[in-house]
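A look at the structure
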Amino acid sequence: MNRQPGEWEELMAGYVLGDLSDEERRTFEAWLAKNPEAHAELARLQETFSLLPYALPEDNNPAAALRNRILEASNERPAAVRRTRPGWLSWAAAAVAAALVVTLGFDSWQLRAQLTQSRQEVGRYRDLVSMLRQESTRLVSLRGMDAARSASGNILITPGTPEVVVTLSNLPVPARGEVYRLWAVVGGRKVACGEFMPGAAGSVYAKLPLNGNLLTAPLVVTREPGDAPQPVGPMVMTSNI
Amino acid sequence: MDILASANDFFGLWSQAIYPVEEIRPRRNLLPAAGGNQRNVMDPPSDAEIYADLKRGSASALGVLYDRHGRLVYRLAVRILANSQEAEDLTQEVFLILWQKKAYDPARGTLSNYLLTLTRSRAIDRVRSRGSNLRFLQKWTQELGTGTAPGPTPFERVATAEVARQVKTALEQLPEAQRQALELAYYEGLSQSEIASRLDTPLGTVKTRSRQGLLKLRNLLRDLMG
């Protein structure tokens, strides 16, 4: 491993050119791992090699129409989304038609499911907007901690209405049998305010009964075994009061 | 910091309107700056900034990046494929990959390097799949003047032309054998042993020539590369 600087330089050039023997490559990569400062020089050498085309004759240009062709093609749907065309062979036609029926059936089921989901979402947004319009609505933000550090969200509380709305995101899905519970901390004691579960993407939209403590006390979220009457699990979110 | 950030937002928006504006100064350093935002407000938006717009689905950003790099990609494709129609097809493919896959990472190098690397590897793959011998028989003939674009955009004329001038000058200063070994490695995608047999030169000699050639080129381009 005792090589002169010039030798490392030459190995580096060989590495960029892809002409090292397996042994040379292993030696060089081991050296590179121990010399992070050499990464910048390696990048420059790679960039240098990739500059060669700049020296190509400049009078050689694509047709002006190519630009439009590319922009038009970029407007089309990406290839991955395109439906495959049915085959041409007649013996396959029946199979293709059957497959098509299944596909379209599945598509329309999917569309219906998406539509239902969208309607639910719109309903939720309407609820939230109407709550936010009321002057008395209070917004308590919750911040995640420890294992749920990236979780965040709000609780919307409107005095005089029967329910509060909990909207959270990035809450980890709990282990089987566990739930998340919201507590108001009153005089050092946790008062249960309801439980909820995150959806697949870690988002929560839950309505919980309004509880007088929610308006005044600090709030925390814990992760609990489903049947525990008292808080025993770890605290995962806290309000920023 | 907030003032800086909002100024950046502002100029970020503002600069969209001036994409096509000519770059006045040659790019001194091709590699992205290690840190710090030293962008002059008069600079046109960098490739990375325009690429960020492209990732948000801006087709005009794709147009701007094509204006900046399309010719270079095409020239490289023509050089390797020796066919203008195939070269245009490949150019289109490369820009659509940029658009659809959004796999370029500005932290890892310049956009031009990414596009050229992609073009080179795809073009060499195509040549290989054509049958290796056919390629060597083909004379590189390019129908000039038929349906070609009216000339480089202002951006290209200044920035790319400056890079091109420096690269050409540097290549001219390499010993002929070193330059030849480098170009065979780059454009033909030949392994060193293939080059050795093509040039009827011992493998060790070919390796030394191309490595020394690359190192010398890197030194000659120190102005450009930093």
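Residues numbered from 1 in each chain as written. Chains lettered and ligands numbered in written order. Predicted model: local features only at pLDDT ≥ 70, side-chain atom pairs only at ≥ 80, totals over all residues.

**Regarding the overall build of chain A**
In terms of helices and strands, chain A carries five helices and eight strands. Counting all 241 residues of chain A, 22% fall into the buried class. Counting contacts in chain A only where the partners sit at least 6 residues apart, residues at least 24 apart contribute 53% of the total. (Helix = DSSP H or I, 4+ residues; strand = E, 2+ residues; numbered from the N terminus. Buried ≥ 20, exposed ≤ 12 C-beta atoms within 10 Å, placed from the backbone. Contact = placed C-beta atoms within 7 Å.)

**Quick word on the overall build of chain B**
Summing up its helical and strand segments, chain B has 11 helices and zero strands in all. Going residue by residue from the N terminus, the α and β elements of chain B occur as α-α-α-α-α-α-α-α-α-α-α. By residue count, 35% of the 226 residues in chain B fall in the buried class. Intrachain contacts of chain B at a sequence separation of at least 6 include 69% that bridge at least 24 residues.

**Describing helix α10 (residues 203-220) of chain B**
Across its 18 residues, α10(B) extends 26 Å between first and last C-alpha, which sits within 8% of the 26 Å expected from 1.5 Å per residue. When α10(B) is considered as a whole, its buried residues turn out to be V206(B), K207(B), R209(B), S210(B), R211(B), G213(B), L214(B), L217(B) and R218(B). (Expected span 1.5 Å × (residues − 1).)

**A word on the nonpolar core**
Formed by 61 residues in total, the largest nonpolar core has its most connected members in L65(B), V73(B), A77(B), L81(B), L115(B), V167(B) and L214(B). Discounting residues that sit within four places of it in the chain, V167(B) has contacts with L51(A), Y54(A), A55(A) and L221(B). In terms of nonpolar packing, the next biggest core, distinct from the first, is built from 22 residues, I157(A), V164(A), Y180(A) and V236(A) among them. (Core = buried A, V, L, I, M, F, W, Y, C linked by C-beta atoms within 7 Å.)

**Comments concerning the sheet that holds strand β2 (residues 152-157) of chain A**
Residue and element names in this part refer to chain A. What the eight strands build is an open sheet, ordered β5-β4-β7-β8-β1-β2-β3-β6; its pairing is antiparallel. At either end of the open sheet lies a strand with only one pairing partner, and these are β5 (189-196) and β6 (204-209). Put simply, the sheet's adjacent strands are angled 25° from each other on average, direction ignored. Pairing geometry for strand β1 (residues 138-144) and strand β8 (residues 235-239), over three bridges, is antiparallel. Across the sheet, residue R143 finds its bridge partner in β8, namely T238. (Pairing = 2+ DSSP bridges. Axes fitted to C-alpha atoms, helices over the stretch in contact; angles between N-to-C directions.)

**Regarding the pairing of β1(A)**
Every regular strand shows the same layout, with side chains that alternate between the two sheet faces. Taken together, the six bridges between β1(A) and β2(A) define a ladder with antiparallel strand orientation. Looking at β2(A), one finds that R143(A) is bridged to S152(A).

**So, the pairing of strand β3 (residues 163-169) of chain A**
Residues and elements named next belong to chain A. Across the two faces of β3 the burial differs, with V164, V166 and L168 buried and E163, V165, T167 and S169 not buried at all. When β2 meets β3, the two strands line up antiparallel, connected through five bridges. The residue of β3 that forms the bridge with N154 is T167. Linking two consecutive strands that pair antiparallel, namely β2 and β3, is a turn of five residues; a positive phi of about 95° is found at G160 within it. Relative to β6, β3 runs antiparallel, the two sharing six bridges. Its bridge partner lying in β6, V166 is registered against A206.

**Quick look at unusual backbone geometry**
The backbone phi angle of N170(A) is positive, close to 60°, even though this residue is not glycine. Checked against the element boundaries, N170(A) lands in the loop between β3 and β4 (178-186). Even without being a glycine, A82(B) presents a positive backbone phi close to 55°. Position of A82(B) relative to the elements: it lies in the loop between α3 (59-81) and α4 (84-101). Overall, A82(B) belongs to the partly exposed group, with 17 C-beta atoms counted inside 10 Å.

**Some words on the packing of helix α9 (residues 192-199) of chain B against α10(B)**
Residues and elements named next belong to chain B. The contact between α9 and α10 brings their axes to 9 Å, and the two run at 110°. Taken together, the axis directions place α9 and α10 in an arrangement best described as roughly perpendicular. In the crossing of α9 with α10, the sense of the turn from one axis to the other is right-handed. Of α10, the residues touching α9 (which contributes Q192, S193, I195, A196 and L199) are L203, V206, K207 and S210. Looking at side-chain class alone, the contact of α9 with α10 contains five nonpolar, three polar and one charged residues. (Parallel < 35°, antiparallel > 145°, perpendicular 65-115°, else oblique. Left-handed = near helix turned anticlockwise from the far one by under 90°. Nonpolar A, V, L, I, M, F, W, Y, C, P; charged D, E, K, R; others polar.)

**Considerations on the environment of L174(B)**
Residue and element names in this part refer to chain B. Along the chain, L174 turns up in the loop between α7 (154-173) and α8 (176-187). For L174 and L220, which are 46 residues apart along the polypeptide, the C-alpha to C-alpha distance reads 9.3 Å. Excluding residues that lie within four positions of it along the chain, L174 makes contacts with R179, G213, K216 and L217.

**Some details on the confidence of the model for chain B**
All names here are of chain B. Put simply, chain B has an average pLDDT of 74, and 68% of its residues get 70 or more. When mean pLDDT is compared element by element in chain B, α4 scores highest at 94, while helix α1 (residues 2-16) scores lowest at 38. The low-confidence segment residues 1-29, where pLDDT is below 50, has 25 contacts with residues more than four positions distant or belonging to other chains. This stretch, residues 132-158, has a pLDDT under 50; its non-local contacts, to residues over four places away or in other chains, come to 32 contacts. Interface confidence in the predicted complex, given as ipTM, is 0.71; pTM for the same model is 0.53. (pLDDT = per-residue confidence, 0-100.)

**A word on the environment of A184(A)**
All names here are of chain A. By the element assignment, A184 lies in strand β4. For the pair formed by A184 and V220, sequence separation is 36 residues and the distance between their alpha carbons is 6.5 Å. In contact with A184, not counting residues within four places along its chain, are V191, C193, N211, N213, L214, A217 and L219.

**Some points on helix α4 (residues 65-75) of chain A**
All names here are of chain A. Buried residues of α4: L66, I70 and S74, and no others. End-on, the buried residues of α4 take up no more than an arc of 75°, which puts them together on one face. Residues of α4 that are exposed and point more than 90 degrees away from the buried face comprise A65, N68, E72 and N75. (Arc of directions from axis to C-beta.)

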